[in-house]
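# Overview (structure and organization)
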Amino acid sequence: MTLRLGGLVPWSSVDYPGYQAAVLFVTGCPWRCPYCHNSHLWAGDAGLSWPAVRSFLETRVGLLDAVVVSGGEPLDQVTSIHEALKEIRGLGFGTALHTAGVSARRLQGLLADLDWVGLDIKGPFSRYQSITTRARSGDAARASVEILLASGTPHELRTTVHPDLLSGDDLVAMLNELAALGAPSVTLKNFRPMGCPDSRLAATYRPWLTPELAARLRAIMPGVVLPTS
Ligand code: SF4
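Here is a short report on the structure shown in this document. (Residues numbered from 1 in each chain as written. Predicted model: local features only at pLDDT ≥ 70, side-chain atom pairs only at ≥ 80, totals over all residues.)

## Focus on helix α5 (residues 137–151)
Look at α5: 21 Å from first C-alpha to last across 15 residues, which is about the 21 Å you get at 1.5 Å a residue. Taken together, the buried positions of α5 are occupied by Ser137, Gly138, Ala140, Ala141, Ser144, Val145 and Leu148. Take α5 and look down its axis: the buried residues cluster within an arc of 155°, on one side only. Buried residues in α5 make contact with α3 (104–110), β5 (116–120), α4 (128–132), β6 (155–161) and α6 (168–180). Of the residues one or two after α5, Gly152 is the one with positive phi, at around 75°. (Helix = DSSP H or I, 4+ residues; strand = E, 2+ residues; numbered from the N terminus. Expected span 1.5 Å × (residues − 1). Buried ≥ 20, exposed ≤ 12 C-beta atoms within 10 Å, placed from the backbone. Arc of directions from axis to C-beta. Contact = placed C-beta atoms within 7 Å.)

Structure representation (structure tokens):
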């Protein structure tokens, strides 16, 4: 199996909520979001091999619940990722995936071997190209949301908010779209400057959630999870 890997975090309690997991970071992503905090994983290879990762995981059997595959964008290497997920399950671990939904067809092909998916939502589907810099990325994301919701796979939809990229009206539009697709919840997270390749964004971030906006968002989607600071 050829797998370009960017690193391995041996233990995490936050990347698959409720579970103790190792996190495997893969490289490669077809999108270029300006706030990406893993831009160092857009290309390259850290020299870590899958056999070395597997050997490590074998020492964690009974100590960890699951393995999260993150990136970068795991769907960029979908064939090898699928093989890895099957081997991870074969060791007795649960499986989780972090993705932006760059290909609904590829996501669909992995779902039978996934216990949980964290799906990044960039904004209203019409705003995707301005955030990812890639044409038709909103179409891919919408199809990924539809497939994930229809599958019944446990998941979290989550959105990074920087007020220069998403206005309050954008967030209202996004929640209306997701609610119309049947999503009961989306978690909104504050932009973090760590790893961001766009220094201007890091400099212009400011608080964005007003009580009025919180009320508008909760009126559309009562299950929306808002940042507390
Ligand atoms: S889709 Fe994710 S990994 Fe790819 S550029 Fe955007 S934030 Fe970074």
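## So, the sheet that holds β6
Reading across the sheet, the seven strands line up as β1-β2-β3-β4-β5-β6-β7 and stay open at both edges, with mixed pairing between neighbours. Edge strands, defined here as strands with exactly one partner in the open sheet, are β1 (5–12) and β7 (187–190). Averaged over neighbouring strand pairs, the angle between their axes works out to 20° when direction is ignored. As judged from the five bridges shared by strand β2 (residues 21–26) and strand β3 (residues 66–70), these two strands associate in the parallel manner. Residue pairing in the sheet places Phe25 in a bridge with Ser70 of β3. (Pairing = 2+ DSSP bridges. Axes fitted to C-alpha atoms, helices over the stretch in contact; angles between N-to-C directions.)

## A closer look at the packing of α6 against helix α8 (residues 211–220)
Two elements in contact, α6 and α8, have axes separated by 9 Å at closest approach and are oriented at 10°. As the angle between them shows, α6 and α8 are arranged roughly parallel. On α8, the residues touching Gly168, Leu171, Val172, Leu175, Asn176 and Ala179 of α6 are Leu213, Arg216, Leu217 and Ile220. Residues of the contact of α6 with α8, tallied by class, amount to seven nonpolar, two polar and one charged. (Parallel < 35°, antiparallel > 145°, perpendicular 65-115°, else oblique. Nonpolar A, V, L, I, M, F, W, Y, C, P; charged D, E, K, R; others polar.)

## Looking at unusual backbone geometry
For the peptide bond that leads from Gly71 to Gly72, omega is 15°, which places it in the cis range. Within the secondary structure, Gly72 sits in the loop between β3 and α2 (78–90). Positive phi, normally seen in glycine, also occurs at Thr133, with a value near 65°. One can find Thr133 in the loop between α4 and α5.

## Quick notes on the site of the ligand
The ligand sits among Cys29, Trp31, Arg32, Cys33, Cys36, Asn38, Gly71, Gly72, Glu73, Ala100 and Asp120. Residues of the shell around the ligand, tallied by class, amount to five nonpolar, three polar and three charged. (Near = placed C-beta within 6 Å.)

## Let's talk about α6
Taking 1.5 Å of rise per residue, the 13 residues of α6 would be expected to cover 18 Å, and the 18 Å separating its terminal C-alpha atoms lies within 8% of that figure. Buried residues along α6 sit in contact with α5, β6 and α8. At the exit of α6 stands Gly182, carrying a positive phi of roughly 100°.

## What to know about the nonpolar core
Across soluble globular proteins, you tend to see nonpolar side chains buried next to one another. If you look at the biggest cluster of nonpolar residues, it comprises 59 residues, and the most contacted ones within it are Ala21, Leu24, Val67 and Val68. No other element matches β2, which puts six residues into this core. The residues touching Val68, leaving out its near neighbours within four places in the chain, are Asp15, Tyr16, Ala21, Val23, Leu24, Ala96 and His98. (Core = buried A, V, L, I, M, F, W, Y, C linked by C-beta atoms within 7 Å.)

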